[in-house]
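Listed below are the residues making up each chain.
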Amino acid sequence: MNEAREDQTSSTYDVVVLGAGPVGQNVADRARAAGLTVAVVERELVGGECSYWACVPSKALLRPVIAVADARWVDGARQAVTGRLDTDRVFVRRDHYVSDWDDTGQAEWVKSTGADLYRGHGRIDGPRRTTVTRDDGARHSLIARHAVAIATGSRPLLPDIPGIHEARPWTNRHGTDSSTVPGRLAIVGGGGVGVEMATLWQGLGSQVALLTRRRLIPRMEPFAGELVARSLIEAGVDVRIGTQVTALHRPDPTGHVTLTLDDGSDLQADEVMFATGRTPATDDIGLDTVGLTTGTWLDVDTTCLVRGVDGTWLYAVGDVNHRALLTHQGKYQARTAGDAIAARAAGLPVDDGPWGDHATTADQHAVPQVFFTDPEAAAVGLTAEQAAQAGHRIKTVDLDFNTAQGANLYADNYRGHARMVVDLDREILLGVTFVGPGVGELLHSATVAVAGEVPLKRLRHAIACFPTVSEIWLFLLAAYQRDRT
């Protein structure tokens, strides 16, 4: 099929997908692979937040910063690293990976799957019906025989504090699409976006202040935030934990912004960025026409079918269901939901059991995530605190990476820490956390162990290659066994 004809007033498809980011694309691709007809609706760029303002540009920008930091940990390479990063070339690299914010290639890919692409604002207009309004005001009705999948994602959540609009704050979009390095940048929020942006802009030459009410990276083990904070401080970032912004002032739109803090002091910056969470992009997509509340996260079952709506036709995948606001998890949900839609359309059984083909069970116990800071922080599954709160009888095993020769060869005086959380009753891993240079590449092995519930007595036969950073597995498992005997 080709791009939808503009002279039509209505069309019928098996599946209508709202949102053409990675998540919506995966739903469409899976449904098309099953022989279903699909319409995809997008009001911004095909490829979505991840491709143009989040995962892709942030990692394209961060990689030069981390590469230089890694080189400085190795004698011989350290001496070759002189001067500052070429920020113009860093921005050119970013522009290449976001295709200069031109979505032609991704739009062609969507159409190559056989789906029809509709550009405009999609709004549900009753059961199985969606109205698309184009920028010129023209409207087109899409009717879905089997399913509508909401994949509209989320947007930055700005706090309701005095002066927020006057300050014209950055969000993640400004943090990844700006090509000007501010002299002073204040970042509010210590989660993944906050620590990555602090790493990035300090590396590019800004004087960064990172302000957070809680510890850094609060959803990981506490040591992860501690090690990242230590490194940021050593890099020159002004890290302030337990700090809250109470007001903002920017009377001159071209001047600096003043942040008033809860201790009564002021902080001045050239720009301020808020990385204080996300809100669902569901406020104007017609949820009220099917009995749901607009602007809310959508509650779904394991097949991503929305609860509270009559029939088995409305799905919510990715950020909008609030299960795991990560691109890879959204794509996993999308593949699963696409298969479930196809099965239901064909009148086949839906296998939504714990390990079923149509169940997104990994969203409950095996979500991997990496923060590309210096050092990297990577984790999968439950933290020790989460596991204990869930009622598991656990044991934690902690080791510094300097026990592994591979780590010391990777970086002189390698600084890093690893923890695995063991379910003592089943002797399987509930969670693993790594912090250190390059540990993101260790995460998939941990994800396989956690998602597959691999018994530790079997896992010890998965031998780590010498001399690699992954030798840490050998020492973690040996430490657990030693403590058990």
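Just above sits the structure.
Residues numbered from 1 in each chain as written. Predicted model: local features only at pLDDT ≥ 70, side-chain atom pairs only at ≥ 80, totals over all residues. Heavy atoms only, no water.

Asker: When you look at the packing of aromatic side chains in this model, what are you seeing that I'm missing?
Answerer: The geometry of an aromatic ring pair comes down to the distance between the two centres and the angle between the two planes. What the rule picks out here adds up to eight aromatic pairs. Judged by centre distance (6.1 Å) and plane angle (85 degrees), the rings of Tyr13 and Tyr118 are edge-to-face. Taken as a pair, Tyr13 in strand β1 (residues 10-18) and Tyr118 in strand β3 (residues 116-119) lie far apart in primary sequence, 105 residues in all. Since its relative accessible area comes to 7%, Tyr118 is described here as buried. When the ring of Phe91 is compared with that of Trp201, the centres are 6.2 Å apart and the planes differ by 40 degrees; the resulting orientation is tilted. You can see Phe91 sitting in helix α4 (residues 87-97) and its partner Trp201 sitting in helix α7 (residues 192-203), a full 110 residues away along the chain. We classify Phe91 as buried; its relative accessible area is 4%. (Phe/Tyr/Trp six-rings, centres within 6.5 Å; stacked < 30°, edge-to-face > 60°. Helix = DSSP H or I, 4+ residues; strand = E, 2+ residues; numbered from the N terminus. Buried < 20%, exposed > 50% of the residue type's maximum accessible area, 1.4 Å probe, protein only.)

Asker: Can you walk me through the nonpolar core in this structure?
Answerer: A general tendency of soluble globular proteins is for nonpolar side chains to be buried together. Phe401, Met420, Leu429, Val432 and Phe434 are the most contacted members of the largest nonpolar core, which has 35 residues in total. Within the residue set of this core, elements represented by two or more residues are β18 (376-381), β19 (394-400), β20 (417-423), β21 (428-436), α13 (443-451), α14 (456-459) and α15 (472-484). The dominant element in this core, judged by the number of residues it contributes, is α15, at six residues. The next biggest cluster of nonpolar side chains, apart from the first, holds 31 residues, and it includes Ala198, Leu200, Leu232 and Phe371. (Core = buried A, V, L, I, M, F, W, Y, C linked by side-chain atoms within 4.5 Å.)

Asker: Help me out: how do you make sense of the sheet that holds strand β13 (residues 266-269) in this one?
Answerer: By definition, the strands of a sheet pair up through backbone hydrogen bonds, in either a parallel or an antiparallel sense. The antiparallel open sheet is built from three strands, whose spatial order is β11-β12-β13. If you trace the sheet from one side to the other, it starts and ends with β11 (245-249) and β13, each paired once. Strand after strand, the sheet turns through a mean of 25 degrees between neighbouring axes, direction not considered. By the bridge criterion, four bridges tie strand β12 (residues 257-261) to β13 in an arrangement that is antiparallel. Residue pairing in the sheet places Thr260 in a bridge with Asp266 of β13. (Pairing = 2+ DSSP bridges. Axes fitted to C-alpha atoms, helices over the stretch in contact; angles between N-to-C directions.)

Asker: Explanation requested: the packing of helix α3 (residues 55-71) against α4 in the structure shown.
Answerer: Contact geometry for α3 and α4: axes closest at 9 Å, N-to-C directions at 150 degrees. Judged by the angle between their axes, α3 and α4 are roughly antiparallel. The two elements α3 and α4 meet at a crossing, and its hand is right-handed. Two secondary-structure elements touch here, α3 through Val56, Pro57, Lys59, Ala60, Leu61, Arg63 and Pro64 and α4 through Val90, Phe91, Arg93, Arg94 and Tyr97. Taken together, the residues of the contact of α3 with α4 sort by class into eight nonpolar, no polar and four charged. (Parallel < 35°, antiparallel > 145°, perpendicular 65-115°, else oblique. Left-handed = near helix turned anticlockwise from the far one by under 90°. Contact = heavy atoms within 4.5 Å. Nonpolar A, V, L, I, M, F, W, Y, C, P; charged D, E, K, R; others polar.)

Asker: Sorry, what's going on with the pairing of strand β17 (residues 368-371) here?
Answerer: Each regular strand carries side chains that alternate between the two faces of the sheet. Sheet analysis places β17 next to β18, joined by four bridges and oriented antiparallel. Among the inter-strand pairings, Phe371 is bridged to a residue of β18, identified as Ala377.

Asker: Help me out: how do you make sense of the pattern of salt bridges in this one?
Answerer: Once the charged atoms of two side chains with opposite charge are near each other, the side chains can pair. By the definition in use, this model includes 26 salt bridges. With a closest N to O distance of 3.2 Å, Asp284 and Arg123 form a salt bridge. Note that Asp284 is positioned in the loop between β15 (278-280) and β16 (314-316) and Arg123 in strand β4 (residues 121-124), a separation of 161 residues in sequence. Taking relative accessible area as the criterion, Asp284 reaches 36% and is therefore assigned partly exposed. Arg123 gets classed as partly exposed once you look at its relative accessible area, which sits at 31%. Ionic pairing is found between Asp299 and Arg307, a salt bridge with its closest N-O pair at 3.2 Å. Through salt bridges that share partners, Glu44, Glu49, Arg173 and Arg278 make up one connected network. (Salt bridge = Lys/Arg side-chain N within 4 Å of Asp/Glu carboxyl O.)

Asker: It is not clear to me how helix α1 (residues 22-33) should be interpreted in this structure. Could you clarify?
Answerer: Given 3.6 residues per turn, any residue in an α-helix points the same way as the ones three and four places further on. Helix length check: α1 (12 residues) gives 16 Å between terminal C-alpha atoms against 16 Å at 1.5 Å per residue, within 8%. Along α1, the residues that are buried comprise Pro22, Val23, Gly24, Gln25, Asn26, Val27, Ala28 and Ala31. In this fold, the buried residues of α1 make contact with β1, β2 (38-42), α2 (48-53), α5 (104-112), β6 (139-150) and α9 (327-345). Of the residues one or two after α1, Gly35 is the one with positive phi, at around 90 degrees. (Expected span 1.5 Å × (residues − 1).)

Asker: For this particular structure, what's the right way to read unusual backbone geometry?
Answerer: Peptide bonds are mostly trans, and most non-glycine residues show a negative phi. The omega torsion of the bond from Asp374 to Pro375 falls at 10 degrees, within 30 degrees of zero and hence cis. Along the chain, Pro375 turns up in the loop between β17 and β18. A cis amide bond links Phe466 with the next residue in sequence, Pro467, at an omega value of -5 degrees. Within the secondary structure layout, Pro467 lies in the loop between α14 and α15. Non-glycine residue Ile217 carries a positive phi angle of around 45 degrees. For Ile217, a relative accessible area of 1% translates into the label buried.

Asker: In this structure, what is going on with the environment of Pro159? I would like to understand it.
Answerer: In this fold, Pro159 is placed in the loop between β7 (154-156) and α6 (172-177). For Pro159, a relative accessible area of 26% translates into the label partly exposed. Residues Pro159 and Phe274 lie 115 residues apart in sequence; the distance between their C-alpha atoms is 8.4 Å. The contact partners of Pro159, leaving out residues within four places of it in the chain, are Ile164, Phe274 and Thr276.

Asker: Honestly, the side chain of Gln25 in this entry has me stumped. Any pointers?
Answerer: Counting through the fold element by element, Gln25 comes out in helix α1. Judged by relative accessible area, which is 10%, Gln25 ranks as buried. Within polar-contact distance, the side chain of Gln25 engages the side chain of Gln106 at 2.9 Å. Once residues within four sequence positions are removed from consideration, Gln25 is found in contact with Ala20, Val46, Gly47, Gln106, Trp109 and Val110. (Polar contact = N/O pair within 3.5 Å; in protein donor to acceptor, adjacent residues only side chain to side chain.)

Asker: Any chance you could explain the sheet that holds strand β8 (residues 184-188) here in plain terms?
Answerer: The parallel open sheet is built from four strands, whose spatial order is β10-β9-β8-β14. With one partner strand each, in any of the chains shown, β10 (238-241) and β14 (271-274) form the two edges of the open sheet. Going from strand to strand, the sheet's axes swing by 15 degrees on average, the running direction of each strand aside. Where β8 meets strand β9 (residues 207-212), five bridges bridge the pair, whose relative direction is parallel. Bridged to Arg184 within β9 is Gln207.

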